[in-house]
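Descriptive analysis of the structure
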Amino acid sequence: MSQPADQEQDAADILFFPPLLSILTPLLAIILHFLWPLSILPPIGGISLLLGLLIMSASGALAISASRSFTKAGTDVNPKTATTSIVRAGPFRFSRNPMYLGMILLQIGLGLTFSLDWALLLTPLLALALHFGVVLREEAYLSRKFGAPYVEYMQQVRRWF
């Protein structure tokens, strides 16, 4: 059974599916590392390894907490589906985009943990793709859908951190 046309369009018009970006960016870093190693970061180990693991742990904790907040609010984490509520609990009290922030942190953590120079160099591109291809479009959608309550939330909580 198909949905009515107005329900099909009740979602953000994102350019990129964020989980796919979160997978493709590290893969690209690995491929570039083998094709064109830069050797800027120190070899795997030491403080870079510890810092990278710490950042990846923080990224995972952020993702889990944000996902749980979505579940408790009764809305889907998939940005291609309709949002049913404004999530303000958990990490959404401090950042409007903790899942995307987690993706960026994961990229940095992978770079430091595995001495992948390209992971760090690709991080700004990941951040830009998320910002312009996802975040701004989600904000426009949520502003249209929820109006003043979402605009108020935007004024109270930072976009990233």
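Residues numbered from 1 in each chain as written. Predicted model: local features only at pLDDT ≥ 70, side-chain atom pairs only at ≥ 80, totals over all residues. Heavy atoms only, no water.

**Some words on the overall build of the chain**
Looking only at helices and strands, one finds 6 helices and 0 strands in the chain. Secondary structure elements in the chain, listed N-terminal to C-terminal, are α-α-α-α-α-α. Across its three principal directions, the C-alpha atoms of the chain cover 55 × 30 × 30 Å. Carbon and sulfur atoms make up 68% of the accessible area of the chain, which amounts to about 9,400 Å² in all. Between the averaged position of the 11 positive side-chain charges in the chain and that of its 9 negative side-chain charges there is a distance of 8 Å. (Helix = DSSP H or I, 4+ residues; strand = E, 2+ residues; numbered from the N terminus. Areas by Shrake-Rupley, 256 points an atom, 1.4 Å probe, with all protein chains shown as cover. Lys, Arg positive; Asp, Glu negative; His and termini not counted. Charge placed at Lys NZ, Arg CZ, Asp CG, Glu CD.)

**A short note on the nonpolar core**
Of all hydrophobic cores here, the largest spans 24 residues; its most connected members are Phe92, Met99, Tyr100, Leu130 and Trp160. Listed by contribution, the elements that provide at least two residues to this core are helix 3 (46-73), helix 4 (98-113), helix 5 (117-146) and helix 6 (148-156). The element contributing the most residues to this core is helix 5, with 7 residues. Aside from chain neighbours lying at most four places away, what touches methionine 99 is Ala66, Ser67, Phe70, Val77 and Phe92. Of all hydrophobic cores here, the second largest spans 5 residues; its members include Ala29, Leu116, Trp118 and Leu122. (Core = buried A, V, L, I, M, F, W, Y, C linked by side-chain atoms within 4.5 Å. Buried < 20%, exposed > 50% of the residue type's maximum accessible area, 1.4 Å probe, protein only. Contact = heavy atoms within 4.5 Å.)

**Some details on the packing of aromatic side chains**
Remark: the centre distance and the inter-plane angle together describe each pair of aromatic rings, the angle taken between the planes. If you walk through the whole model with that rule in mind, you get 3 aromatic pairs. Centre to centre, the rings of tryptophan 36 and tryptophan 118 are 5.4 Å apart; their planes meet at 45 degrees, and the pair counts as tilted. One end of the pair, tryptophan 36, is in the loop between helix 2 (18-35) and helix 3; the other, tryptophan 118, is in helix 5, and 82 residues separate them in sequence. Overall, the relative accessible area of 53% leaves tryptophan 36 in the exposed class. Centroid distance phenylalanine 70 to phenylalanine 92: 5.3 Å. Interplanar angle 45 degrees. Geometry classified as tilted. Here phenylalanine 92 lies in the loop between helix 3 and helix 4 and phenylalanine 70 lies in helix 3, a separation of 22 residues in the sequence. An identical accessibility class is assigned to phenylalanine 70 and phenylalanine 92; each is buried. (Phe/Tyr/Trp six-rings, centres within 6.5 Å; stacked < 30°, edge-to-face > 60°.)

**Observations regarding the confidence of the model for the chain**
The predicted coordinates of low-pLDDT regions are not to be read in fine detail. Looking at the chain, pLDDT values average 93 and 95% of them are 70 or higher. Low pLDDT, under 50, characterises residues 1-8; the stretch is placed with 1 contact to residues that sit more than four places away or in other chains. (pLDDT = per-residue confidence, 0-100.)

**Some words on the side chain of asparagine 97**
With respect to the helices and strands, asparagine 97 occurs in the loop between helix 3 and helix 4. Residue classification places asparagine 97 among the buried residues on the basis of a relative accessible area of 6%.

**Describing helix 4**
The end-to-end C-alpha separation of helix 4 is 21 Å, in line with the 22 Å expected for 16 residues at 1.5 Å each. Of all the 16 residues making up helix 4, 13 are buried; the element is thus mostly covered by neighbouring parts of the structure. One or two residues past the end of helix 4 sits serine 115, with phi positive at roughly 55 degrees. (Expected span 1.5 Å × (residues − 1).)

**What to know about unusual backbone geometry**
Phi at serine 39 is positive, roughly 55 degrees, even though this residue is not glycine. Secondary-structure assignment places serine 39 in the loop between helix 2 and helix 3. Taking relative accessible area as the criterion, serine 39 reaches 62% and is therefore assigned exposed. At serine 115, a position not held by glycine, the phi torsion is positive, near 55 degrees. Positionally, serine 115 belongs in the loop between helix 4 and helix 5.

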